Amino acid sequence: KDWMLVYAGSVVRRVLQAGPAHGLEATHRLCPGHRLTAIADGTLAWHADPSDHGAYAGCVSGLTVACTGDAGLDRPSPLDRRFHADARGRTLHLHAMHSVVVG
C-alpha cells in the first residue's frame, strides 16, 4: 500500500529528473504540531508508506511529494483542507493504493 500527495507547478517528469529533493519545510507545513526528525534520503520505493504517525516529503523547484497516512483515503473528498490550501495554485494529485492479500 502507498499514498501520496503531489503538488506540481510544472511538468513533473522534468522536475524529478533534475536531482535530489529535501522536504523538511513541506513536512513542517503539512504536519503542524508534530515533532519532526530528519532521516536519510530515500526513494518512493521505500518511503511511500510511512508509519501511522509518520510523514515523508521531498521538494524541488515547483514540486512537492508528501507521503502521509492522512492521504490514505477510500475516496478523495474527506482529504483535510490544509492539503488543498498548500497547493497554492499548483495542481494537486492524490494517489492512494490499498492492497489486499487474499489468503
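Definitions and limits used
Residues numbered from 1 in each chain as written. Predicted model: local features only at pLDDT ≥ 70, side-chain atom pairs only at ≥ 80, totals over all residues. Heavy atoms only, no water. Pairing = 2+ DSSP bridges. Helix = DSSP H or I, 4+ residues; strand = E, 2+ residues; numbered from the N terminus. Buried < 20%, exposed > 50% of the residue type's maximum accessible area, 1.4 Å probe, protein only. Polar contact = N/O pair within 3.5 Å; in protein donor to acceptor, adjacent residues only side chain to side chain. pLDDT = per-residue confidence, 0-100. Axes fitted to C-alpha atoms, helices over the stretch in contact; angles between N-to-C directions.

A. Looking closely at the pairing of strand S2 (residues 55-60). Pairing of S2 with strand S3 (residues 63-68), which is carried by six bridges, proceeds in the antiparallel orientation. Within S3, the residue paired with Ala55 across the bridge is Thr68. Hairpin geometry of S2 and S3 is characterised by an intervening segment of two residues between the two adjacent antiparallel strands and by a positive phi of about 80° at Gly62.

B. How the structure looks around the side chain of Thr64. Following the sequence through the fold, Thr64 ends up in strand S3. Residue Thr64 is classed as buried on the basis of its relative accessible area, which comes to 3%. A polar atom in the side chain of Thr64 sits 3.1 Å from the side chain of Arg90.

C. Looking closely at the confidence of the model for the chain. Here the chain averages 80 in pLDDT, while 91% of its residues score no lower than 70. For the chain, the element scoring lowest by mean pLDDT is helix H3 (residues 44-47), at 74; helix H4 (residues 81-85) scores highest, at 92.

D. A look at the sheet that holds S2. Taken in spatial order, the four strands line up as S2-S3-S1-S4 in an open sheet, and their pairing is antiparallel. Of all strands in the sheet, those with a lone pairing partner are S2 and strand S4 (91-97), marking the two edges. Here the strands of the sheet are splayed against their neighbours by 10° on average, with no regard to which way each runs. Here seven bridges tie strand S1 (residues 2-8) to S4, and the two strands are oriented antiparallel to one another. What sits directly across from Met4, in S4, is His95.

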